[in-house]
Amino acid sequence: HTHTHTHETMANASLHVSVASVALVVGLLCVNIGAVAVLQSVQMPVMAEGPCTDDAICTTHHDPEIIRKDWETLFQWVRPFDETLKNPCWRVTGQHDGITLQNEKLCLPKVFIIGVAKCGTTDLYARLVQHPDVVKPCRKEPHWLTRHRDGQGIDYLRCFGAKELHNKPASITLEASASTFWDRGLRMKTGEVNPRVQSALVPEMLHLLNPGVKLMLTIRDPVARAWSNYKWDCPKNSCSAADFHRQVVAQIDWFYSCRRRLATIQCLYDPALRPRHSPRIALGVYVEYLLVWWRYFGADQLFVTRLEWMRTHQRQIFADAFEFLDVPDPGNTWFDDVTEQQKKIPKRHQELVNFEPNEKTMRLLHEFYAPFNARLERELKLRGYTHTALTPPGSNTCWLKLPPAD
């Protein structure tokens, strides 16, 4: 086994990191793009990191046969892909688990929108499935690769419009389960722990299943993501700024407590350790999850954008997306029509919450995410991403600013 989880010196040292020092790192980062992050000088928790003790998380490459066995209900139906089709499809004849197939057409998604929840995955999906060369699956988020794996793999494979894909060789299909990015898949849809715990994480399994898969990830300011997640999950008329603050404090305390004992990525991936309720601040530590995905997929296979850029640079972002997916750009008229349709979708009550979070809460979140955001920017640049977390197309915006100090 090859261990690839590396840690920076600051993360390994047992020392206190003040927000002033974080401001220096982020400030220098933003000076290069024409802005300076302003952070209040407040003492932050200990930034020590414990060891990684979970083989599935810590180890880069596992025995492929063990992975296939753990995901047997899927792999048993997969055959070599039909090279005349753009999307991974095949025909299969066989019998497994009492199911008999006779020359049945099956497909996998060519594209996975892997996350992140509350970062615009629904809007991205809704636009892409209206493209004339994209076949809409039976549902947007099957979550089969993660939490719903207690069902039959054949049901998942039948979701992707095999007949239409075979009739349109240049077309592709996709799925958009937002849990794919961060969920380890240890729990079934019943809520019980899956008795067949996989030996590897979803990114490694996907690479084994289809090395040529295309992945799309949309992120946003993690502070705004946490607030949106809280509003989305809380029951009607029961949300409050005070409750949001309590949840944020509790989850930040959980994170640092766990990190003193175990590696950061283990705290984030293990559902026995990670809080499952809103606002799920762990999901905003994007860089740690991305470092796992980058073990198996490079920038040519993993498209990263931001919800903010999809709002302010919408046309260019989707032009980039079409190029990434290798499908024709349908043109401005098509895009404008789709945009108008999206505006007509009614909002849920959670999106209409009429109070704002406390500035103190938002400052806590900004301070928590600042070092992860800085590392995310560095890692994106190292991998040659054109639009990084801080730099949208043609902009010099820095999104790591805190609210003004009281």
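Heads up: these notes are all about the structure in this document. Since the structure is predicted, the reported quantities are computational estimates derived from the model, not experimental observations.

Conventions and cut-offs
- Residues numbered from 1 in each chain as written.
- Predicted model: local features only at pLDDT ≥ 70, side-chain atom pairs only at ≥ 80, totals over all residues.
- Heavy atoms only, no water.
- Helix = DSSP H or I, 4+ residues; strand = E, 2+ residues; numbered from the N terminus.
- Buried < 20%, exposed > 50% of the residue type's maximum accessible area, 1.4 Å probe, protein only.
- Contact = heavy atoms within 4.5 Å.
- Salt bridge = Lys/Arg side-chain N within 4 Å of Asp/Glu carboxyl O.
- Axes fitted to C-alpha atoms, helices over the stretch in contact; angles between N-to-C directions.
- Parallel < 35°, antiparallel > 145°, perpendicular 65-115°, else oblique.
- Left-handed = near helix turned anticlockwise from the far one by under 90°.
- Nonpolar A, V, L, I, M, F, W, Y, C, P; charged D, E, K, R; others polar.
- Disulfide = S-S within 2.5 Å.

### Concerning the side chain of Thr361
If you trace the backbone, Thr361 turns up in helix α17 (residues 359-382). Assessed through its relative accessible area of 0%, Thr361 is described here as buried. Thr361 has contacts with Phe244, His245 and Val248, leaving out every residue within four places of it along the chain.

### Digging into the pattern of salt bridges
Any two side chains of opposite charge can pair, given that their charged atoms come close. Taken as a whole and assessed by the stated rule, the structure comprises 15 salt bridges. A salt bridge links Glu288 to Arg375, with the shortest nitrogen-to-oxygen separation between them at 3.9 Å. In this pair, Glu288 sits in helix α13 (residues 286-293) while Arg375 sits in helix α17, placing the two residues 87 residues apart along the sequence. Here Glu288 matches Arg375 in class, with each residue buried. Across the pair Asp329 and Arg315 runs a salt bridge whose closest N-O atoms are separated by 2.7 Å. Here Asp329, found in the loop between α15 (314-325) and α16 (332-343), pairs with Arg315, found in helix α15; they are 14 residues apart in sequence, far enough to count as distant. Note on Arg315: relative accessible area 24%, which makes it partly exposed. Several salt bridges converge on common partners, so that one network encompasses Glu288, Arg375, Glu379 and Arg383.

### What about the packing of helix α6 (residues 121-128) against α16?
Where α6 contacts α16, the two axes come as close as 10 Å, and the packing angle between them is 135°. Of the possible angle classes, the one that applies to α6 and α16 is oblique. Where α6 crosses over α16, the two elements pack in a sense that is right-handed. Each of Asp123, Ala126 and Arg127 in α6 lies in contact with α16, whose residues at this interface are Trp334, Phe335, Val338, Thr339 and Gln342. Its residues placed into classes, the contact of α6 with α16 shows four nonpolar, two polar and two charged.

### A few points about the state of the cysteines
Within this structure, the stated rule accounts for five disulfides. Covalently, Cys234 is tied to Cys239 through a disulfide, its sulfur atoms 1.5 Å apart. Taking the sign of the S-S torsion, 65° for the link of Cys234 and Cys239, the bridge is right-handed. For the pair shown, Cys234 and Cys239 are each scored as buried. One disulfide in the model links Cys258 with Cys267; its S-S distance is 2.1 Å. With the S-S bond torsion at -100°, the cross-link from Cys258 to Cys267 turns out left-handed. Take Cys258 and Cys267: they sit in the same class, and that class is buried.

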